Amino acid sequence: MSFSIFYDSRCPLCAIEMQDLKARDHDDRIVLEDIWQEDFGQRFPGIDPEAANRILHARDEGGRLLLGLDVTAEAWALVGVRRYRLLRWPVLRFFADIFYRYFARNRYGISKLLTGQGRLCPPEGCPASSETPGEQP
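Note that the coordinates shown come from a computational prediction; the quantities given were computed from them, not determined experimentally.

A word on the pairing of strand β2 (residues 30-34)
By the bridge criterion, 5 bridges tie strand β1 (residues 3-7) to β2 in an arrangement that is parallel. Looking at the pairing, Tyr 7 lines up with Asp 34 of β2. Handedness of the β-α-β unit built from β1, helix α1 (residues 12-24) and β2 comes out right-handed.

Let's talk about the pattern of salt bridges
If you walk through the whole model with that rule in mind, you get 10 salt bridges. Between Asp 70 and Arg 93 there is a salt bridge; the shortest N-O distance is 3.0 Å. Here Asp 70, found in helix α4 (residues 69-78), pairs with Arg 93, found in helix α5 (residues 90-115); they are 23 residues apart in sequence, far enough to count as distant. When its relative accessible area of 29% is taken as the criterion, Arg 93 is described as partly exposed. Shared partners join several salt bridges into a network, and the residues in it are Asp 70, Arg 88, Arg 93 and Asp 97.

Side note on the state of the cysteines
Inspection of every chain in the model, using the stated rule, returns 1 disulfide. Across the disulfide, Cys 11 is cross-linked to Cys 14 (sulfur-sulfur distance 2.4 Å). Torsion about the S-S bond of the Cys 11 and Cys 14 cystine: about 70 degrees, corresponding to right-handed handedness. Cys 14 carries the same exposure label as Cys 11, and that label is buried.

Calculation notes
Each chain carries its own residue numbering, running from 1 in the written order of its sequence. Thresholds applied to this predicted model are a pLDDT of at least 70 for local features of residues and 80 or more for the giving and counting of side-chain atom pairs; totals over whole chains, interfaces and linings are not thresholded and use all residues. Values reported for side chains reflect all heavy atoms of the structure, with hydrogen atoms and water molecules removed beforehand. We treat two strands as partners when DSSP finds at least two bridges between them. Elements are defined by DSSP. Helices are runs of H or I of four residues or more, strands are runs of E of two residues or more, and each kind is numbered from the N terminus. For a crossover, the right-handed case is the one in which the path from the first strand over the helix to the second runs clockwise, viewed with the strands pointing away from the viewer. A pairing counts as a salt bridge when a side-chain nitrogen of Lys or Arg comes within 4 Å of a carboxyl oxygen of Asp or Glu. We call a residue buried when its accessible area falls under 20% of the maximum for its residue type, exposed when it is over 50%, and partly exposed in between, using a 1.4 Å probe and counting protein chains only. Disulfides are defined as cysteine sulfur pairs within 2.5 Å.

Here it is, written out as structure tokens:
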């Protein structure tokens, strides 16, 4: 079974969560795909990297697209951590999704505050179009 997560490796908190998730993935069920890889668009033509930059994307083994906290809940459940499932309960879902959208738009600043690192860029620098995750093209 394969669960592919399309994530922003330039976000320190996002990268930490993916590393933690993968460390628990003893059955190698989760595949992490960095949306900033040069060949991303060629390898995943059905995933818009700009949309994946605004909200976490994943594709399950059946080809179903999951977004945001649905990805988080499913991915952690696959490695045996079920506590994130409660974020999908009807009443909590509403508030959790509001918080998630806030986090997604402000993740570089939140990362800077919590880790001391803002956006991580390659040596040649980050493209101008990726300056603000929540910014619409």
